[in-house]
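# Topology and contacts: notes
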Amino acid sequence: AQSVSQHNHHVILSEAASLELGCNYSYGGTVNLFWYVQYPGQHLQLLLKYFSGDPLVKGIKGFEAEFIKSKFSFNLRKPSVQWSDTAEYFCAVRGNEKLTFGTGTRLTIIP
Amino acid sequence: DAGITQSPRHKVTETGTPVTLRCHQTENHRYMYWYRQDPGHGLRLIHYSYGVKDTDKGEVSDGYSVSRSKTEDFLLTLESATSSQTSVYFCAITERGGNYGYTFGSGTRLTVV
């Protein structure tokens, strides 16, 4: 069975700071990896996804993630965060047509 | 998101009563999922469907049943609601294979009192 670990439960940053959120997964087969964002009171929206090819994936709103197979990691990055990035971020792995989520990281950006 | 709707959006029910949540899609996607979201747990899979009348359990299926009699509708039923089932429930859809992501509904906030 697959699993996902997000080690940062709550991250607080000032505007313009750089962001990196950790994600490690466990799955024995070919992985598809995702990052979703959930703004307060809203549903999940896809930030980016990795299926194959270039391990550096660029998503919406200036986010990117790097798939490192040897480390079973798929960390999310953004060079300069904005107050509007305040949200909860979920890493997920797909295996056997099931999507498994990490417990999420709450990101708070201080103006 | 366009193409997937959940109903109701909010519901308060009493312990021991049956509750049915509906997920409706217009995308003709084969796969449909029910998740619950709770603080500190992220989203956990309850049940999923890989076709009409084809369903399977997820990691937190106890106390829940599902039905899918047609492609567009996936129903989640709490046979006898308990306070531990107070949660936000999300439906998701996807198509198999290819570079498909998952699309989520807007959620149903269920409170069991």
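To keep things clear, this report deals only with the structure shown in the data block. (Residues numbered from 1 in each chain as written. Chains lettered and ligands numbered in written order. Predicted model: local features only at pLDDT ≥ 70, side-chain atom pairs only at ≥ 80, totals over all residues. Heavy atoms only, no water.)

All right, on to the state of the cysteines then. In this structure the tally under the stated criterion is two disulfides over all chains. Note that C23 of chain A is cross-linked by a disulfide to C91 of chain A, the S-S spacing being 1.9 Å. Around the S-S axis, the bridge from C23 of chain A to C91 of chain A shows a dihedral of about -65° and counts as left-handed. Pair noted here: C23 of chain A is in the loop between β3 (19-21) and β4 (24-26) and C91 of chain A is in strand β10 (residues 87-95), with a separation of 68 residues, a long-range link. Like C91 of chain A, C23 of chain A is buried. Disulfide pairing is shown between C23 of chain B and C91 of chain B; the S-S distance is 1.9 Å. Residues C23 of chain B and C91 of chain B share a disulfide whose torsion about the S-S bond is about -75°; that sign makes it left-handed. Separated by 68 residues along the polypeptide, C23 of chain B in strand β3 (residues 19-25) and C91 of chain B in strand β9 (residues 87-94) bring together distant segments of the chain. Since its relative accessible area comes to 0%, C91 of chain B is described here as buried. (Disulfide = S-S within 2.5 Å. Helix = DSSP H or I, 4+ residues; strand = E, 2+ residues; numbered from the N terminus. Buried < 20%, exposed > 50% of the residue type's maximum accessible area, 1.4 Å probe, protein only.)

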